[in-house]
Amino acid sequence: MSRKVNQSGRNREGRHVRLYHYFLDSPAWRMLTAVERAIYVDLAKRYDGRNNGRIVYSIREAANELSIGKTKAAEALLRLQQLGFVEITRKGFFHGAAKVASEFRLTDHGCDVTGSPATKDFARVSLEKFSPVRSQVRTVRSQVQDSPPTGTGEVIRRRYST
């Protein structure tokens, strides 16, 4: 069975996203939520080795790809920028019929637009000003009342009342 190769002799079907251990072990990566990590991987999937700095990605595309809301996608992209994983090279806009998505650069790869080397800003970001995002989860009250519940509504009120 022969491999399918292109003109340069490379495998056409072997595309992948490579995440190095130094990258995954960085404190900034550990601070990311699962949604933020998924958006980074989805953004990195669009990098083909020649388009860093011109990776087109919109909030709507992120929301549709990951089945999340646009607000959550926008917050995740902003946090990836703040922690130094991605950088906007051209800000997108939405005005009437003109819809232009933002263009991004992955900081762990060199920029193909300017020719500058990888900056790896995530390794130098000051983590003191960033706190992990945690939602406020309501906990079930640990005390069980003596009287049996009278209906489903009563069970719900007992469990979630504070």
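Here, every reference points to the structure presented above.
Residues numbered from 1 in each chain as written. Predicted model: local features only at pLDDT ≥ 70, side-chain atom pairs only at ≥ 80, totals over all residues. Heavy atoms only, no water.

1. A few points about the packing of aromatic side chains
No. 1: Counted according to the given criterion, the structure contains nine aromatic pairs.
No. 2: Ring geometry for Phe 23 and Tyr 40: centres 5.2 Å apart, planes at 35°, overall tilted. Here Phe 23 is found in helix H1 (residues 21-24), whereas its partner Tyr 40 is found in helix H3 (residues 34-45), with 17 residues between them in sequence. The pair Phe 23 / Tyr 40 is uniform in exposure class, with both members buried.
No. 3: A centroid spacing of 5.4 Å and a plane angle of 80° characterise the contact between Phe 23 and Phe 85, whose relative ring orientation is edge-to-face. Taken together, the positions of Phe 23 in helix H1 and Phe 85 in the loop between helix H5 (70-82) and strand S2 (86-90) put the pair 62 residues apart, joining distant regions of the chain.
No. 4: By way of ring pairs, the aromatic residues Phe 23, Trp 29, Tyr 40, Phe 85 and Phe 122 are connected into one cluster.
No. 5: Across from the ring centre of Phe 94, 5.2 Å away, lies the NZ or CZ of Arg 60, which sits over that ring. (Phe/Tyr/Trp six-rings, centres within 6.5 Å; stacked < 30°, edge-to-face > 60°. Helix = DSSP H or I, 4+ residues; strand = E, 2+ residues; numbered from the N terminus. Buried < 20%, exposed > 50% of the residue type's maximum accessible area, 1.4 Å probe, protein only. Lys NZ or Arg CZ within 6 Å of the ring centre and 35° of its normal.)

2. What to know about the environment of Glu 103
No. 1: Within the secondary structure, Glu 103 is located in strand S5 (residues 102-106).
No. 2: By relative accessible area, Glu 103 is classed as buried at 16%.
No. 3: When near neighbours in sequence (up to four residues on either side) are disregarded, Glu 103 contacts Gly 53, Arg 54, Ile 55, Val 56, Glu 87, Ile 88, Thr 89 and Arg 90. (Contact = heavy atoms within 4.5 Å.)

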